[in-house]
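Observations on the three-dimensional arrangement
This is what each chain is made of:
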Amino acid sequence: MQISNIPFGTTDWSSIKPTEHAGETGYAYWHTQHFGNIRVRMVEYTPGYLADHWCTKGHILLCIEGELHTELEDGRKFTLKHGMSYQVADNAEPHRSYTGIGAKLFVVD
């Protein structure tokens, strides 16, 4: 990732209006900022959320609250709890996430 031409700044995530994204079940609420070609999000998943698609976008993701389960298309499964992160490259390993109890994430992609 090349980060350039972005002046120093701060973000008050509570002031960013969320957008609602329905999953197969549950909802994701994205608070999104763009810095050049970098998208930065605070994402909140409701309890019972299940993604409605296999994602091929690369991410660096940090679990801030709750618990997130991520399944790769090849069948492997991973669980993130508070303070854990994952990273995956664009078009590398299709993945989808779900949560029973809800989760709050910080995502850079």
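Residues numbered from 1 in each chain as written. Predicted model: local features only at pLDDT ≥ 70, side-chain atom pairs only at ≥ 80, totals over all residues. Heavy atoms only, no water.

Going by the annotation in an unreviewed UniProt entry, the name recorded for the chain is DHCW motif cupin fold protein, with Marinobacter psychrophilus given as the source organism.

**A few points about the overall build of the chain**
Put simply, the rule is: The helix count covers DSSP runs of H or I at least four residues long, the strand count covers runs of E at least two residues long, and both are numbered beginning at the N terminus. Atoms counted for the radius of gyration: C-alpha only. Globule rule: 2.2 Å times the number of residues to the power 0.38. Exposure categories follow from relative accessible area, calculated using a 1.4 Å probe and restricted to protein chains: below 20% of the type maximum is buried, above 50% is exposed, and the middle band is partly exposed. Every residue pair with non-hydrogen atoms within 4.5 Å of one another is taken to be in contact. Using the Shrake-Rupley algorithm and a 1.4 Å probe, accessible areas are obtained, with residue cover drawn only from the displayed protein chains. His is not counted here, nor are the chain ends, while Lys and Arg score as positive and Asp and Glu score as negative. Each charge is placed at NZ for Lys, CZ for Arg, CG for Asp and CD for Glu.
Helices and strands together make up the secondary structure of the chain, namely zero helices and eight strands. Reading the helices (α) and strands (β) of the chain from amino to carboxyl end gives β-β-β-β-β-β-β-β. A compact globule built from 109 residues would reach a C-alpha radius of gyration of about 13 Å, and the chain, at 14 Å, matches this within 12%. Counting only C-alpha atoms, the chain reaches 40 × 30 × 25 Å along its principal axes. Among the 109 residues that make up the chain, the fraction classed as buried is 33%. Considering only contacts within the chain whose residues lie at least 6 apart along the sequence, 58% involve residues at least 24 apart. Summed over its atoms, the accessible surface of the chain is roughly 6,800 Å², and 53% of this surface lies on carbon and sulfur atoms. Distance from the positive charge centre (9 side chains) to the negative charge centre (13 side chains) of the chain: 2 Å.

**Comments concerning the pairing of strand E7 (residues 95–98)**
Counted only if it meets this: Should DSSP find at least two bridges between two strands, the strands are taken to pair.
Side-chain alternation along E7 places His 95 and Ser 97 on a buried face and Arg 96 and Tyr 98 on a face that remains uncovered. For strand E4 (residues 59–72) and E7, the ladder comprises four bridges, and the chain directions are antiparallel. The residue of E7 that forms the bridge with His 69 is Tyr 98.

**Describing the pairing of strand E5 (residues 77–81)**
Sheet topology places E4 next to E5; five bridges connect them, and they run antiparallel. Across the sheet, the residue bridging to His 69 is Thr 79, located in E5. Hairpin connection, E4 to E5: the antiparallel pair is bridged by four residues, and Gly 75 has positive phi, about 100°.

**Brief notes about the packing of aromatic side chains**
This is how the line gets drawn: Ring pairs shown here join Phe, Tyr and Trp side chains whose ring centres sit within 6.5 Å, with only the six-membered ring taken for Trp; geometry is labelled stacked below 30 degrees between planes, edge-to-face above 60, and tilted in between.
Across all of its chains, the model carries three aromatic pairs by this definition. Where Trp 13 meets Phe 106, the ring centres are 6.1 Å apart and the plane angle is 85°; that geometry is what we call edge-to-face. In this pair, Trp 13 is assigned in the segment before strand E1 (19–22) and Phe 106 in strand E8 (residues 103–108), connecting sequence segments 93 residues apart. Its relative accessible area of 17% is what places Trp 13 among the buried residues. Taking the centre distance of 4.3 Å and the plane angle of 25° together, the rings of Tyr 45 and Tyr 49 count as stacked.

**Quick notes on the state of the cysteines**
Condition: Disulfides are defined in this document as cysteine sulfur pairs within 2.5 Å.
Taken as a whole and assessed by the stated rule, the structure comprises zero disulfides. Free cysteine: Cys 55, not disulfide-bonded; nearest cysteine sulfur from Cys 63 at 17 Å. Overall, Cys 55 belongs to the buried group, its relative accessible area being 15%.

**Here's the deal with the nonpolar core**
Filter applied, for reference: The nonpolar core is taken to be a set of buried Ala, Val, Leu, Ile, Met, Phe, Trp, Tyr and Cys residues, with the residues joined through side-chain atoms within 4.5 Å.
Among the nonpolar cores identified, the biggest contains 14 residues, and Val 43, Tyr 45, Leu 61, Leu 68, Leu 80 and Leu 105 are the most heavily contacted of them. Those elements that provide at least two residues to this core are strand E3 (38–45), E4, strand E6 (85–88) and E8. Leu 68 has contacts with Tyr 45, Leu 61, Phe 78, Thr 79, Leu 80, Ser 97, Tyr 98, Ala 103 and Leu 105, leaving out every residue within four places of it along the chain. Among the nonpolar cores identified, the runner-up in size contains six residues, and Trp 13, Ile 16, Val 40 and Val 108 belong to it.

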